[in-house]
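The lines below spell out each chain.
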Amino acid sequence: MHWSYEAAMKIIERRPDKEEYVCAAGISPSGSVHIGNFRDVATSWFVVKALRSMGKKAKMLFSWDEYDRMRKVPANVAAVADGFENYIGCPYTAVPNPFGGDAATYAEHFEREFEPAMRSFGIDLDYRHQSEMYESGKYTQQIITALRRRADIFDILDSFRTQEAAEGEREAYVPVSIYCPVCHKDTTRITHLSDDCLHAHYVCDCGHEGDFDFEHDHHCKLAWKVDWAMRWAYEGVDFEPGGKDHAAPTGSYQTSRVISREIFGYEAPLFVGYEFIGIKGTTGKMSSSSGLNLTPDSLLKIYDPEVILWLYAKTEPAKAFDFCFDDGILRQYFEFDRQYKDFVDGKSDEFMRVVFDDCLIEGRRPETVPMSLLVQFGSIVDFNIPMLEKVFEKVGTPYKLEDFAERLPKAKYWLENCSPESVNRLRATRNFDCYSALSEPEKKEIDKLYEVLKAGGYDLDGLQTLLYAIPKDALGEGADEKALKAAQGTFFKNVYRLLIDKDRGPRLYLFLYAIEKDAYLGLLDFSHPKTEEEEAIERAAAEEAERANAKPEKHIEYGEPDPVEPIKPGVTIEDFARLDLRVATVLKCQEIRKSHSCYKLTLDDGAGERVIVSSIKAYYTPEELVGKKLIVVANLAPARIAGVESHGMLLAATNSACGCRVVFVDDAVPNGTMVK
């Protein structure tokens with residue numbers, strides 16, 4: 001039985017007479033909704049479909065937790081806008097949109113980024129915007145209930161903690177944060193609460209203080225674990241998944257389920273904790289530093305929506321799986337196509353029938369032209385559609401544009417952005433360096449291949465036979481199988497090098513048969529010397545490569561090494577321990593106006609972001625620093641340098657022989673690691 005049906009049966013068993021079941025998911029628009037967060041949606045959606053297939057009415061509730069406070073500034077926001085750390089503590093709906101465009105707020109920008117992708121997956125969501133829910137007063141009675149039961153809520157929270165509560169903590173606890181009407185932050189503290197819990201007096205860190213009427217003022221929010229439990233009861237939620245950390249014995253779900261039952265009188269929904277999603281391969285341009293995050297929408301640039309849903313549906317939530325940006329994606333497409341064919345032919349088992357019921361989208365039909373062929377042949381013909389159709393016809397698979405229209409752009413995007421090394425393009429000139437390095441017998445094999453191809457008169461199967469026969473004939477009769485296979489492997493490698501500058505490539509017989517012979521035949525003909533045109537092309541290519549690899553020249557004069565300074569007086573281990581040295585990653589490197597020597601560096605130190613001003617401009621370009629890990633003195637007193645407040649210092653070595661050289665750290669070391 002598929003895992004979604006197991007969940008659906010448990011839901012029905014718990015509330016057999018319910019008219020409509022509610023499955024929920026929720027995400028805070030703190031940044032782009034990533035593929036890991038999307039598991040929240042996919043898991044719940046498949047359970048909705050299972051309930052509906054069992055004849056039950058069910059809906060998918062999606063909560064935009066946009067009334068949450070901003071906790072930190074994501075790297076892709078910091079890369080395009082300064083000063084957003086000033087909005088930490090504000091609800092996301094009170095933070096401006098840093099990216100421009102029509103979206104009025106920070107929250108709306110990321111919501112608009114996510115919602116069209118859901119329509120691409122055929123997922124029908126009933127959205128709840130928590131800013132509207134709170135500010136319209138829909139939760140007023142629930143907030144008052146929480147205030148009146150605050151001591152009981154504290155006791156529940158305290159029962160899940162491992163440390164003892166401080167004296168007076170229980171009496172001071174209030175499960176509500178008020179957003180200040182002046183600074184819009186939740187940096188407020190309730191100093192007095194009326195006995196009926198309807199009125200409060202508060203003060204804010206910004207200096208403002210005021211009175212709050214919980215029946216009529218609504219710019220406040222319940223604490224997370226209380227808020228979650230309250231919304232289950234308000235919406236009548238029957239099922240909600242979450243990250244595996246929520247399912248831990250002291251995690252959010254275990255705490256909120258008790259609050260839901262004891263405070264709001266509602267039995268918590270069935271909960272499934274899911275594993276996180278992995279990434280295999282490099283993502284090239286698909287990175288947060290370039291502004292293209294690993295979101296469902298970005299996945300759709302390389303994956304069919306059905307394939308994405310198939311990966312989620314066939315994997316139990318408690319198990320991890322990977323999205324592949326390396327050639328593993330080709331294997332995933334192959335496996336999907338194979339299983340889809342079995343489904344269409346009625347050969348799938350019960351589990352896989354449910355998987356395809358979940359991943360197939362109404363109004364669409366997957367076209368299973370092999371992605372591997374689109375990648376191989378597409379790059380050879382530079383994704384020219386008429387030529388690609390001709391190639392497919394020649395190799396006996398006469399796919400037309402309507403068959404591969406959706407997958408072809410994905411193949412092209414994957415090649416260019418994720419696997420440029422997989423692009424197969426014919427050389428512009430003959431490879432004399434490669435040919436000259438061949439042995440005389442190997443040269444004769446290439447000459448023989450040229451003559452065979454030039455003569456023509458073969459079909460696809462005949463060409464395959466001819467290719468294998470050339471090294472076999474060169475070895476002569478009596479060669480053992482091991483030697484023959486080695487000779488054939490070397491021959492194929494030599495041909496690939498001469499044609500596409502690689503040791504491997506598309507299946508050679510398919511490649512040579514499919515591509516127009518005139519396009520490559522001359523690359524195998526070494527019967528005449530290098531032409532002036534070839535020499536000109538090679539000179540131009542060399543000059544272009546030199547320009548591309550050239551680095552800006554640093555006008556620094558280095559001298560003789562400085563004399564080695566004497567060792568300073570000894571310190572105790574306690575003295576050294578006072579220094580807090582941390583590993584951090586450079587997120588952003590900016591020039592500072594009117595400063596000739598300093599950069600403004602924004603770093604991720606594991607606990608958050610910090611800004612450090614460093615006088616290393618003469619020695620590094622921004623490109624040489626961004627993404628690198630280094631060591632910072634984290635507890636150095638802040639100082640104002642070049643008009644910017646600097647929080648820390650980089651570890652570096654300085655000597656007349658080398659200038660200033662930053663100490664970099666291996667990428668494997670996590671941010672925030674202490675250097676001891």
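Turning our eyes to something else, we now look at the sheet that holds strand β6 (residues 199-204). Strand pairing in a sheet relies on backbone hydrogen bonds, with the paired strands running either antiparallel or parallel. Pairing in this open sheet of 3 strands is antiparallel, and the strands run β5-β6-β7 from one edge to the other. The two strands at the open ends of the sheet, each matched to only one other strand, are β5 (188-193) and β7 (209-213). Strand-to-strand twist across the sheet, computed as the mean angle between neighbouring axes with direction ignored, equals 30°. Sheet topology places β5 next to β6; 5 bridges connect them, and they run antiparallel. The residue of β6 that forms the bridge with Ile190 is Tyr202.

Here the focus is unusual backbone geometry. Here His184, not a glycine, exhibits a phi torsion of approximately 70°, which is positive. By secondary structure assignment, the location of His184 is in the loop between β4 (176-178) and β5. The backbone phi angle of Cys197 is positive, close to 60°, even though this residue is not glycine. Mapped onto the fold, Cys197 is located in the loop between β5 and β6.

Before going further, it helps to spend a moment on the pairing of strand β9 (residues 239-243). Within β9, 5 of the 5 residues are buried, which leaves it mostly tucked inside the rest of the structure. As paired elements, β9 and strand β10 (residues 270-274) share 5 bridges and run parallel to each other. Along β10, the bridge assignment pairs Phe239 with Leu270. The parallel pair β9 and β10 is bridged by helix α10 (residues 252-264), and the resulting crossover is right-handed.

Buried within helix α16 (residues 385-394) we find Leu388, Glu389, Val391 and Phe392. Projected down its long axis, α16 carries its buried residues within an arc of 160°, all on one side. Exposed residues on α16 whose side chains face more than 90 degrees from its buried face are Pro386 and Glu393. Contacts made by the buried residues of α16 are with α15 (371-380), α17 (401-404), α18 (407-417) and α23 (508-514). If you check the start of α16, you find a side-chain oxygen 3.0 Å away from the backbone N of Met387, and it comes from Asn384. A positive phi of about 85° marks Gly396, the residue just after α16.

Attention now moves to the environment of Pro305. Note that Pro305 resides in helix α12 (residues 305-314). Taking the C-alpha atoms as reference points, Pro305 and Val77, 228 residues apart in sequence, are found 27 Å from one another. The residues touching Pro305, leaving out its near neighbours within four places in the chain, are Ser120, Phe121, Leu300, Ile361, Arg364 and Glu406.

What the rule picks out here adds up to 42 salt bridges. Among the ionic pairs, Asp238 bridges to Lys18, the shortest N-O distance being 2.7 Å. Highlighted residues: Asp238 in the loop between α9 (224-235) and β9 and Lys18 in the loop between α1 (3-14) and β1 (20-27), separated in sequence by 220 residues. Classification of Asp238 by relative accessible area gives buried; the value is 1%. The class of Lys18 is partly exposed, set by a relative accessible area of 25%. Residue Arg161 is joined to Asp158 by a salt bridge in which the shortest nitrogen-to-oxygen separation is 3.1 Å. It is possible to trace a salt-bridge network through shared partners that takes in Asp304, Glu306, Asp337, Arg364, Glu406, Arg407 and Lys410.

Next up on the list: the side chain of Asp304. Relative to the helices and strands, Asp304 resides in the loop between α11 (296-299) and α12. Those residues within four positions of Asp304 in sequence are excluded, and the remaining contacts are Tyr333, Glu406, Arg407 and Lys410.

Attention now moves to the confidence of the model for the chain. Per-residue pLDDT for the chain averages 90, and the proportion of residues at 70 or more is 97%. Every residue in residues 283-292 is under pLDDT 50, and counting partners more than four places away or in other chains gives 21 contacts.

Bringing the packing of α1 against helix α2 (residues 35-53) into the picture now. Where α1 contacts α2, the axes come no closer than 8 Å and their chain directions differ by 65°. The angle between α1 and α2 falls in the class roughly perpendicular. For the crossing formed where α1 meets α2, the hand is right-handed. Contacts between α1 and α2 involve Trp3, Ser4, Tyr5, Ala7, Ala8, Ile11 and Ile12 on the former and, on the latter, Thr43, Phe46, Val47, Ala50, Leu51 and Ser53.

Conventions used here
- Residues numbered from 1 in each chain as written.
- Predicted model: local features only at pLDDT ≥ 70, side-chain atom pairs only at ≥ 80, totals over all residues.
- Heavy atoms only, no water.
- Pairing = 2+ DSSP bridges.
- Helix = DSSP H or I, 4+ residues; strand = E, 2+ residues; numbered from the N terminus.
- Axes fitted to C-alpha atoms, helices over the stretch in contact; angles between N-to-C directions.
- Buried < 20%, exposed > 50% of the residue type's maximum accessible area, 1.4 Å probe, protein only.
- Right-handed = clockwise from strand over helix to strand, strands pointing away.
- Arc of directions from axis to C-beta.
- Contact = heavy atoms within 4.5 Å.
- Polar contact = N/O pair within 3.5 Å; in protein donor to acceptor, adjacent residues only side chain to side chain.
- Salt bridge = Lys/Arg side-chain N within 4 Å of Asp/Glu carboxyl O.
- pLDDT = per-residue confidence, 0-100.
- Parallel < 35°, antiparallel > 145°, perpendicular 65-115°, else oblique.
- Left-handed = near helix turned anticlockwise from the far one by under 90°.

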